[in-house]
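Observations on the model geometry
Each chain, written out:
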Amino acid sequence: MGTAAEVEARPITSGRFVGVAGCKSSSCHGGAGEKRNQYLTWSQKDFHTRAYAILTTARSARMAETLGLSAAQESSRCTVCHSPFQSVAPTRLMPTAHPDEGVSCESCHSAAEPWLRGHTRKDWNYAMRVTAGMRDLKSFYVRANTCIACHQNLDSDISKAGHPELTFELDGQSVAEPKHWRDDDPSSGLRAWLVGQAVGLREMSWALSKNETPDAEEINRWKGLAWLLAKATAQQTNLPVIDPPAGATSRSVFTGAQGQADLLARRAAESRLSDDLAQQLLRALTATDSEFVVSKETSPDLLFRRAQRLVLALDRLSVAVLHETPGEAKNPALTQLFEDVRSRADFQVPRFVEHLRSFRTTLSPTRQ
């Protein structure tokens with residue numbers, strides 16, 4: 001075995017997928033202890049293990065029939081996210097890599113063949129592992145880009161066939177996932193939230209810029225997120241702002257927003273964001289009740305999309321400000337706001353505004 005100095009100096013972008021068989025031995029990530037239980041955490045608790053099995057359910061069969069597909073577990077439109085190995089060229093799959101693994105280790109960490117043997121060596125630091133081909137998931141920008149395609153991008157016909165709507169929220173979804181990693185930076189939650197929102201807007205903007213006849217529902221989703229980020233970035237001076245022209249939805253507007261959002265995501269990922277910023281954002285966003293008024297420019301559908309994004313933001317910012325731990329009981333006023341945006345059919349603008357004001361009164365004077 002060579003020394004660490006012999007590790008290739010440029011990232012490796014090829015290599016074969018090994019499958020979970022390469023990770024699950026007791027001497028690697030299938031043993032006991034904080035640093036050796038990653039496979040156990042994934043296999044026993046992580047919902048990603050069920051990604052392939054979902055394709056075999058009656059609901060998936062009905063969706064496949066609606067879409068004119070022979071079977072969900074055989075169509076690349078479904079397996080690209082639910083069974084990623086099926087989208088990989090056979091020459092890049094080792095015999096131990098099986099499609100029914102669902103979303104497994106290498107879906108996030110990249111094909112393991114180039115780095116599998118070396119990544120646990122004590123003389124390899126993190127930069128060496130990344131150079132050898134591991135994905136740099138310490139970067140929130142890289143992490144968001146790794147997750148976004150399967151956690152937000154959804155063709156409209158798949159949605160209409162019955163697929164649940166996807167809303168990307170890097171911080172909240174990372175907290176919900178059984179954790180097998182550490183984020184040591186106290187500001188990591190705020191950064192993950194902001195980077196995730198920016199990458200989400202970038203992807204929405206890209207999709208709309210490529211669509212000659214964008215769906216009105218998708219435009220309203222885009223407007224809701226663009227509005228939220230415009231409010232958030234107006235509260236600080238060290239990061240790029242999001243400021244799409246009011247009311248405009250041309251292809252050039254989407255393209256411009258795509259560039260703004262990507263720049264914001266890159267800068268936010270590299271910045272240290274303070275508790276003071278989280279407090280400022282929380283204070284500013286709870287004061288947006290006057291902008292929830294039905295008018296010619298702001299339809300109930302658009303206000304619903306704004307409200308959806310706002311409630312998710314208030315949740316994550318509250319956690320950042322109060323340093324709440326996962327599983328801690330939520331503020332009842334915030335729980336009520338979540339109930340308000342549970343469905344478009346039940347959304348009532350005046351009631352939401354009333355509850356938003358009630359939530360604001362629950363904040364301590366220093367955080368209002």
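Let me begin by describing the structure that accompanies this report. A quick note: this is a predicted structure, and the numbers were derived from the prediction, not measured. (Residues numbered from 1 in each chain as written. Predicted model: local features only at pLDDT ≥ 70, side-chain atom pairs only at ≥ 80, totals over all residues. Heavy atoms only, no water.)

Turning next to the overall build of the chain. Scanning the chain from terminus to terminus reveals 16 helices and zero strands. Expressed as lengths along the three principal axes of its C-alpha atoms, the size of the chain is roughly 65 × 50 × 40 Å. The proportion of buried residues among the 368 residues of the chain is 44%. Intrachain contacts of the chain at a sequence separation of at least 6 include 68% that bridge at least 24 residues. Carbon and sulfur atoms provide 52% of the accessible area of the chain, an area that totals close to 19000 Å². One way to put it: in the chain the 44 positive side-chain charges average out to a point 2 Å from where the 42 negative ones average out. (Helix = DSSP H or I, 4+ residues; strand = E, 2+ residues; numbered from the N terminus. Buried < 20%, exposed > 50% of the residue type's maximum accessible area, 1.4 Å probe, protein only. Contact = heavy atoms within 4.5 Å. Areas by Shrake-Rupley, 256 points an atom, 1.4 Å probe, with all protein chains shown as cover. Lys, Arg positive; Asp, Glu negative; His and termini not counted. Charge placed at Lys NZ, Arg CZ, Asp CG, Glu CD.)

For the rest of this paragraph, the subject is helix 16 (residues 349–361). Along its 13 residues, helix 16 runs 19 Å from first to last C-alpha, staying within 8% of the 18 Å computed at 1.5 Å per residue. For helix 16, every residue scored as buried is listed here: Val349, Phe352, Val353, His355, Leu356 and Phe359. Buried residues of helix 16 fall within an arc of 170 degrees about the axis and therefore sit on the same side. Residues of helix 16 that are exposed and point more than 90 degrees away from the buried face comprise Pro350 and Thr361. Contacts made by the buried residues of helix 16 are with helix 13 (275–286), helix 14 (300–322) and helix 15 (332–340). (Expected span 1.5 Å × (residues − 1). Arc of directions from axis to C-beta.)

Here we take up the state of the cysteines. Within the structure shown, the criterion is met by one disulfide. Paired through a disulfide, Cys81 and Cys150 show a sulfur-sulfur distance of 2.2 Å. With the S-S bond torsion at -90 degrees, the cross-link from Cys81 to Cys150 turns out left-handed. Of this pair, Cys81 sits in helix 4 (residues 76–82) while Cys150 sits in helix 7 (residues 140–151), placing them 69 residues apart in sequence. (Disulfide = S-S within 2.5 Å.)

So, about unusual backbone geometry. Positive phi is not limited to glycine here, since Ser110 has a value of about 85 degrees. Relative to the helices and strands, Ser110 resides in the loop between helix 5 (105–109) and helix 6 (126–131).

Once that is clear, we can look at the packing of helix 14 against helix 15. One way to put it is that helix 14 packs onto helix 15 with a least axis distance of 9 Å and a crossing angle of 155 degrees. Taken together, helix 14 and helix 15 sit at an angle that is classed as roughly antiparallel. Handedness of the helix 14/helix 15 crossing: left-handed. Where helix 14 abuts helix 15, its residues Val311, Leu312, Leu314 and Asp315 lie against Leu334, Leu337 and Phe338. Among the residues forming the contact of helix 14 with helix 15, the class breakdown is six nonpolar, no polar and one charged. (Axes fitted to C-alpha atoms, helices over the stretch in contact; angles between N-to-C directions. Parallel < 35°, antiparallel > 145°, perpendicular 65-115°, else oblique. Left-handed = near helix turned anticlockwise from the far one by under 90°. Nonpolar A, V, L, I, M, F, W, Y, C, P; charged D, E, K, R; others polar.)

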